[in-house]
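Each chain, letter by letter, is given below.
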Amino acid sequence: MALFDKYAALAAQYRQLEEAGANPFNVQFGDVLSPTEAMLAGRKTLLLGTNNYLGLTYDPAVLAAAAAATSTSGSGTTGSRIANGSYGGHGRLEADLADFYGRKHGMVFSTGYQANLGIISALAGKGDHLLLDADSHASIYDASRLGYAQVTRFRHNSPEDLANRLRRLADEPGDKVVIVEGIYSMLGDTAPLKEFAAVKREYGAYLVVDEAHSLGVLGATGRGLAEQAGVEADCDFIVGTFSKSLAGVGGFAVTDMAGAEVLRVVSRPYMFTASLPPANIAATQAALHELRTRPDLRHRLNANALRLYRGLERLGFELGPEPSPVVSAIMPSPEAAFGLWAALLKAGLYTNVSLPPATPRGLALLRSSVSAAHSPAQIDHAIALFAEAGSSLGLLKSEMAAAK
Amino acid sequence: MSDQASEIREVIFGTLQAALPQARPLSDETHIIEDLGLDSVAVMDFVMEIEDKLDISVPLDKIAEVETLGDLVATVQRLKQAA
């Protein structure tokens, strides 16, 4: 019995993809040319799977801020904030995030993954109850295993099921903490947040909303789904990431709850990891400024999202339930997803493959994400490549029906 | 065996048969992951059906401890009695 024998089936699949020369889980970019183009295997490739929603990774103001911060504060922080001290940038970014959301407290984590780990594991302690949407991101599931609360999952986007579960817990002691996401990363669907907020109020639970994929995308000022749904006051904590709309790496949480400062000495994923380096903090702060002052980015992003969604819909692909910057085509099998992915890449278009158990209901997905930096011509070109590859593989709905 | 245990077993086995792509023999000794080829999410989805039918909530750590259908029957029975 060798150490990796338990992964034999998965290892065989991975080897197969490597041998076919088309492994979506091991893509090596050469030079990245812009938010929308990179060199892949020596060829200029259109990027349609980067979560670079506002396209700010090459924004001149963002790059200048990062360079300046490196010059003045060095390359790394070489330690954690509780043990080795915070830099000025950490506090400034936290203040900016709190100001943007109109909240009292802001807290920065070293990745978005750790923000969920750090907030969720600290909020729900021993004797408390954590209720997760069934389609929650892996970081939320992992967070639920890091803490000591009792964890149950409710049906995806079902306020009724959440209410049922809170009703069963009504006589149990302990706090009840509910976790939902703004936009779900696999199918691009949004939560019925107004209805969740009503259930949360009825049962006296706390509500945490992960806006990782909705910050900079939804809401009148880009704060996310809670803003769009008009229920920010019911969302006790907003969690988010810097690695999508904000073009960096890191995560954050904001709240109005009194006493939230204590999280800095109880949240292990905050305490026992190195803090973000000055360049990343300054770049994120600059990107947040761009997000706040250039609403046109959000409008372009959403126009691109709708353009791609409608285009793929017209071709006959079965898509997620609503247009969003995440546009996922539901494939008949993992093999079909690999086939389409490889054909698109060969044609010069980079997308993503998502497979169970990372996806809901055992779905195999060919996932795309659009950027404000895409030109309409690039989106149209991508749709044309989907048409060609989809047709040659028999994946367009009209052709699949004809083949039956 | 109590009436409640056999009723719970009936609900669990019936729900599982309906969720499987093809009918197969099930017993208390059936391993849910190895014998039925369900992944972790499919198991949690199947437990959700049972939760609805019996009006209970099964915490994830309890699901993680379950290996066989017999384990699941026992876990669900304990939760139902506590409810």
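## A few points about the interface of chain A and chain B
Working step 1: Contact with chain A, which involves 15 residues of that partner, is made by 15 residues of chain B.
Working step 2: When the area that chain A buries against chain B is broken down by residue, the three leading residues are Arg153(A), Arg155(A) and Arg168(A), summing to 44%.
Working step 3: With its nearest N and O atoms 2.8 Å apart, the salt bridge here joins Arg168(A) to Asp55(B).
Working step 4: Our enumeration of links across chain A and chain B arrives at nine residue pairs in polar contact (both at pLDDT 80 or more).
Working step 5: The class makeup of the residues in the side of chain A that touches chain B is six nonpolar, two polar and seven charged.

## Focus: the domain arrangement of chain A
Residue and element names in this part refer to chain A.
Working step 1: Under the domain assignment used here, chain A contains domain 1 (17–47 + 294–403) and domain 2 (59–293).
Working step 2: The C-alpha-based centres of domain 1 and domain 2 are spaced at 28 Å.
Working step 3: Between domain 1 and domain 2, the contact holds 22 residues from the first and 21 residues from the second.
Working step 4: Summing both partners gives a buried area of about 1500 Å² for domain 1 against domain 2, and 54% of it is carried by carbon and sulfur.
Working step 5: Looking only at domain 1, the three residues that lose the most surface to domain 2 are Arg-294, Arg-298 and Glu-322, adding up to 40% of its buried area.
Working step 6: Seen at the junction of domain 1 and domain 2, the total is two salt bridges.
Working step 7: In this structure, the salt-bridge partner of Glu-290 is Arg-294, at a minimum N-O distance of 2.8 Å.
Working step 8: At the boundary of domain 1 and domain 2, one finds nine residue pairs in polar contact (both at pLDDT 80 or more).

Here is what the cut-offs are and how they apply
- Residues numbered from 1 in each chain as written.
- Chains lettered and ligands numbered in written order.
- Predicted model: local features only at pLDDT ≥ 70, side-chain atom pairs only at ≥ 80, totals over all residues.
- Heavy atoms only, no water.
- Contact = heavy atoms within 4.5 Å.
- Buried area = accessible area lost by both parts, 1.4 Å probe.
- Salt bridge = Lys/Arg side-chain N within 4 Å of Asp/Glu carboxyl O.
- Polar contact = N/O pair within 3.5 Å; in protein donor to acceptor, adjacent residues only side chain to side chain.
- Nonpolar A, V, L, I, M, F, W, Y, C, P; charged D, E, K, R; others polar.
- Domains from an automatic or database assignment.

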